[in-house]
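# An overview of the molecular structure
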Amino acid sequence: MRLTSPLLLLATAMLAGLLAGCSALGIAKDQQPLSARTTSVLAAMDTSPAAPMLVRVFKESSELEVWKPDTGGRYRLFKTYAICKWSGELGPKIKEGDYQSPEGFYRVTPGMMNPKSSYYLSFNTGFPNKLDRAHGRTGSNLMVHGDCKSVGCYAMTDEQMKEIYALARESFNGGNPSFKLELYPFRMTEDNLARHATNPNIEFWRNLKQGYDALGADGRPADVDVCEGKYVFNAKAAMPADPMGQCPVTNAA
């Protein structure tokens, strides 16, 4: 049966409304509230949407974790999301156009959030960071985003990204200036490192493991800096201005 013009216009308008979702109700996609279930789970963990946030990514198992601290400051795993797609292989991003998803330690600030992303919603990873730049690594617009497509990024489903984005937004609204983003090739266990012992990135990964272990040691993600071209964690002395400069003795490996 063919639709008459008025019916066709009505059907088109209804379809547009369905596609717009909550935006049709005047709520932009980047302002979608957290679900009652999510806020309830956070409350049961003795934390809140306004608390700080840590995001950890594991390439090999295609997992993204969100951690939140309880009122005592100890971080607890809130949720693990299945990454829809990431690019390249295990190892750090080296240069623009290598289609490689980055690895390392980054900070995400409110200005790195992109509510108008062509991939639903996104935030910039912050690549290249101080260590990346010290090693001459190049690349731009390396994101965590929706739409399940990746060219050097970490892609989630739109529904996952809606929640992750909202968690970040509420953490910023709680007064936190940034959240930590830790990007790993795999879970940094000795067994996994042994499996990859002949990989040319093994020393870089052993350096990453030092930061990875900090969370298990005291329940808090490490503070990260750079000297001698490597990451240092929870430094007790001032770092040299040159990231390739000599590490203070108290922070020597």
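Here's what I pulled together on the structure shown here.

### Let's talk about the state of the cysteines
Enumeration according to the criterion identifies two disulfides in this entry. One disulfide in the model links Cys84 with Cys148; its S-S distance is 1.6 Å. Where Cys84 bonds to Cys148 through sulfur, the torsion about that S-S bond is close to -50 degrees, and the disulfide is left-handed. In this pair, Cys84 is assigned in the loop between β3 (75–82) and β4 (85–86) and Cys148 in the loop between β8 (143–145) and β9 (154–155), connecting sequence segments 64 residues apart. Cys148 sits in the partly exposed class, given a relative accessible area of 34%. Disulfide partner of Cys227: Cys247, at an S-S distance of 1.9 Å. Between Cys227 and Cys247, the S-S torsion sits near 100 degrees, and that sign places the bridge as right-handed.

### A closer look at the nonpolar core
Counting 51 residues, the largest nonpolar core has Leu64, Phe123 and Trp205 as the members making the most contacts within it. Elements with a minimum of two residues in this core: β1 (54–58), β2 (63–69), β3, β5 (104–108), α4 (158–173), β10 (179–184), α6 (202–218) and β12 (230–233). With seven residues, the top contributor of residues to this core is α4. Setting aside residues no more than four positions away along its own chain, Phe123 makes contact with Val108, Met112, Met113, Asn114, Leu142, Met143, Val144, Met161, Ile164, Phe179 and Leu181.

### Section: the environment of Ala168
Mapped onto the secondary structure, Ala168 falls in helix α4. With 58 residues separating them in the primary sequence, Ala168 and Pro110 have C-alpha atoms 8.5 Å apart. In contact with Ala168, other than residues within four places in its own chain, are Met53, Met113 and Phe179.

### A look at the pairing of β5
Among the five residues in β5, four count as buried, and that is most of the element. Relative to β10, β5 is paired through five bridges, and the arrangement is antiparallel. Paired with Arg107 across the bridge in β10 is Lys180.

### Section: the pattern of salt bridges
Following the criterion strictly, the structure yields 17 salt bridges and no others. We note a salt bridge from Glu159 to Lys162, for which the minimum N-O separation is 3.3 Å. In this pair, Glu159 and Lys162 are both assigned in helix α4, three residues apart and thus about one turn of the helix distant. On the basis of relative accessible area, Glu159 is assigned to the exposed category, the value being 54%. The partner of Asp213 in a salt bridge is Lys209, with the nearest N and O atoms 2.7 Å apart. With Asp213 and Lys209 both in helix α6, this residue pair falls four residues apart, about one helical turn. Judged by relative accessible area, which is 35%, Asp213 ranks as partly exposed. Here Lys209 falls in the buried class, since its relative accessible area comes to 13%.

### With respect to the sheet that holds β4
Here five strands make up an open sheet; going across it, the order is β4-β9-β8-β7-β6 and the pairing mixed. Taken across any chain shown, the strands that pair with only one partner, and hence form the sheet edges, are β4 and β6 (113–114).

The rules behind each value
Residues numbered from 1 in each chain as written. Predicted model: local features only at pLDDT ≥ 70, side-chain atom pairs only at ≥ 80, totals over all residues. Heavy atoms only, no water. Disulfide = S-S within 2.5 Å. Helix = DSSP H or I, 4+ residues; strand = E, 2+ residues; numbered from the N terminus. Buried < 20%, exposed > 50% of the residue type's maximum accessible area, 1.4 Å probe, protein only. Core = buried A, V, L, I, M, F, W, Y, C linked by side-chain atoms within 4.5 Å. Contact = heavy atoms within 4.5 Å. Pairing = 2+ DSSP bridges. Salt bridge = Lys/Arg side-chain N within 4 Å of Asp/Glu carboxyl O.

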